[in-house]
Amino acid sequence: NAIGVILEKEKDFASALNYYDQAIAIFKQSKNTLLTSIAYDNKANVYSNIGYYTEAKEMHKKVISLFEKEGLNNELPWRYFNLGAVYLKCDELDSALVSLKKAEVLNLKFSSNKNQLYTLIQNHLTDTNIELDKYEKAEQLISTLLKTQKDEFGLNDPEVSYSYYLSAKNNFFQEKYTSAIKDLEQAENILRSSKKSNKENKEQQISLNYLLSIKILREKTLWQQYAKENDIVYLETLYNLCLETNKLGNKMIHLYEDEESKLNFFNSINENLYLGIKASKKMHDLTNNIKYVEQALSFFEAEKSFLLKQ
């Protein structure tokens with residue numbers, strides 16, 4: 001099982017699954033339910049990482065069933081959270097809500113609202129409510145979570161940054177574009193500050209991937225602001241941001257190894273290039289400056305290059 005964990009961290013997922021299967025066989029033989037369940041849990045997380053969500057859900061349910069059968073209820077909060085997170089990735093939102101609420105109740109029963117799991121559950125509940133168009137409920141969750149996080153972690157914690165990102169997403173879907181931009185600026189400032197002060201504890205891929213998400217949501221918001229107010233300032237800001245995001249994408253392209261992460265990354269880059277082309281076209285229409293045609297061509301070439309890589 002330990003070898004499987006190491007292989008998983010090295011992104012050798014096929015070998016990790018093989019070692020977890022060997023561990024499960026040994027644990028089952030010795031009738032050790034706790035260790036069997038932990039190995040199953042590790043296996044479920046690998047399936048989730050490589051995008052095998054059906055297998056991941058089945059494995060998480062198996063783990064929950066084993067823990068419930070043995071009365072190991074204090075082990076259940078993380079397991080219900082893991083299941084809820086997979087449901088959310090699959091857009092099975094009602095099922096995600098049920099599992100995450102179970103995780104929330106059990107976590108409060110066995111722990112408190114001051115642990116890492118509490119924050120993760122609240123973030124995922126917020127995201128689920130946004131996807132279900134329950135914006136008022138999402139806003140309540142964000143407000144409560146931000147207060148708890150600031151009291152517990154301070155203002156410069158990455159978790160606080162992610163809550164501001166969720167707030168921006170919630171405002172974006174409600175067409176509150178000015179508020180969304182403010183939230184995104186706050187999220188990025190906190191992320192950059194936390195990276196500087198705590199570099200050793202941050203994984204480059206996670207930080208950059210999250211930064212990419214912030215920038216692309218900001219681009220979408222700027223485009224909507226321009227469409228709504230017809231102010232060229234928003235368009236110029238969007239154009240420059242697309243250039244900046246394109247540089248970030250080129251920096252990140254070699255960070256991904258598993259299929260799901262690669263595809264999610266390429267989808268994000270496609271969104272950036274699409275908005276870059278639209279902004280370039282519109283800027284040319286308004287200014288008749290040839291540089292915007294040339295940049296549009298560069299964006300098209302980059303899009304083709306990324307498509308071939310994809």
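Above this note sits the structure.
Residues numbered from 1 in each chain as written. Predicted model: local features only at pLDDT ≥ 70, side-chain atom pairs only at ≥ 80, totals over all residues. Heavy atoms only, no water.

Engineer: Please set out the overall build of the chain residue by residue, giving values where relevant.
Structural biologist: Looking only at helices and strands, the chain features 14 helices and 0 strands. Mapped from its N terminus to its C terminus, the chain presents α and β elements in the order α-α-α-α-α-α-α-α-α-α-α-α-α-α. The C-alpha radius of gyration of the chain comes to 22 Å, within 12% of the 19 Å expected for a compact globule of 310 residues. Expressed as lengths along the three principal axes of its C-alpha atoms, the size of the chain is roughly 75 × 40 × 35 Å. Out of the 310 residues belonging to the chain, those deemed buried represent 46%. Within the chain, counting contacts between residues at least 6 apart in sequence, those at least 24 apart form 61% of the total. Accessible area for the chain stands at about 16300 Å²; split by element, carbon and sulfur atoms hold 48% of it. Positive and negative side-chain charges in the chain, numbering 40 and 43 respectively, have mean positions lying 2 Å apart. (Helix = DSSP H or I, 4+ residues; strand = E, 2+ residues; numbered from the N terminus. Rg over C-alpha atoms; globule rule 2.2 N^0.38 Å. Buried < 20%, exposed > 50% of the residue type's maximum accessible area, 1.4 Å probe, protein only. Contact = heavy atoms within 4.5 Å. Areas by Shrake-Rupley, 256 points an atom, 1.4 Å probe, with all protein chains shown as cover. Lys, Arg positive; Asp, Glu negative; His and termini not counted. Charge placed at Lys NZ, Arg CZ, Asp CG, Glu CD.)

Engineer: With reference to specific residues and values, describe the packing of aromatic side chains.
Structural biologist: Applying the stated rule across the entire model yields 11 aromatic pairs. With 5.8 Å between their ring centres and 85 degrees between their planes, Y165 and Y210 make a pair best called edge-to-face. Residue Y165 is located in helix α9 (residues 158-173), and its partner Y210 is located in helix α11 (residues 204-229); the two are separated by 45 residues in the primary sequence. Neither Y165 nor Y210 differs from the other in exposure class; each is buried. Ring geometry for F265 and F266: centres 5.6 Å apart, planes at 55 degrees, overall tilted. By the burial criterion, F265 is buried, and F266 matches it. Among the aromatic residues, those joined into a ring-pair cluster are Y135, F172, F173 and Y177. (Phe/Tyr/Trp six-rings, centres within 6.5 Å; stacked < 30°, edge-to-face > 60°.)

Engineer: Could you give me a rundown of the packing of helix α1 (residues 2-9) against helix α2 (residues 13-29), with the residues and numbers involved?
Structural biologist: It is at 8 Å that the axes of α1 and α2 come closest, and there the two elements cross at 165 degrees. Considering the angle they form, α1 stands roughly antiparallel to α2. For the element pair α1 and α2, the recorded crossing hand is left-handed. Contact residues: α1 offers I3, G4, V5, L7 and E8, while α2 offers F13, S15, A16, Y19 and Y20. (Axes fitted to C-alpha atoms, helices over the stretch in contact; angles between N-to-C directions. Parallel < 35°, antiparallel > 145°, perpendicular 65-115°, else oblique. Left-handed = near helix turned anticlockwise from the far one by under 90°.)

Engineer: Describe in detail the nonpolar core, supporting the description with residues and values.
Structural biologist: In terms of nonpolar packing, the biggest core is built from 47 residues, with Y165, L212, I214, M252, F265 and F306 touching the most fellow members. Among the secondary structure elements, those contributing two or more residues to this core are α8 (135-153), α9, α10 (177-197), α11, α12 (232-252), α13 (259-287) and α14 (290-309). The dominant element in this core, judged by the number of residues it contributes, is α11, at 10 residues. The next biggest cluster of nonpolar side chains, apart from the first, holds 38 residues, and it includes L7, L17, V63 and A103. (Core = buried A, V, L, I, M, F, W, Y, C linked by side-chain atoms within 4.5 Å.)

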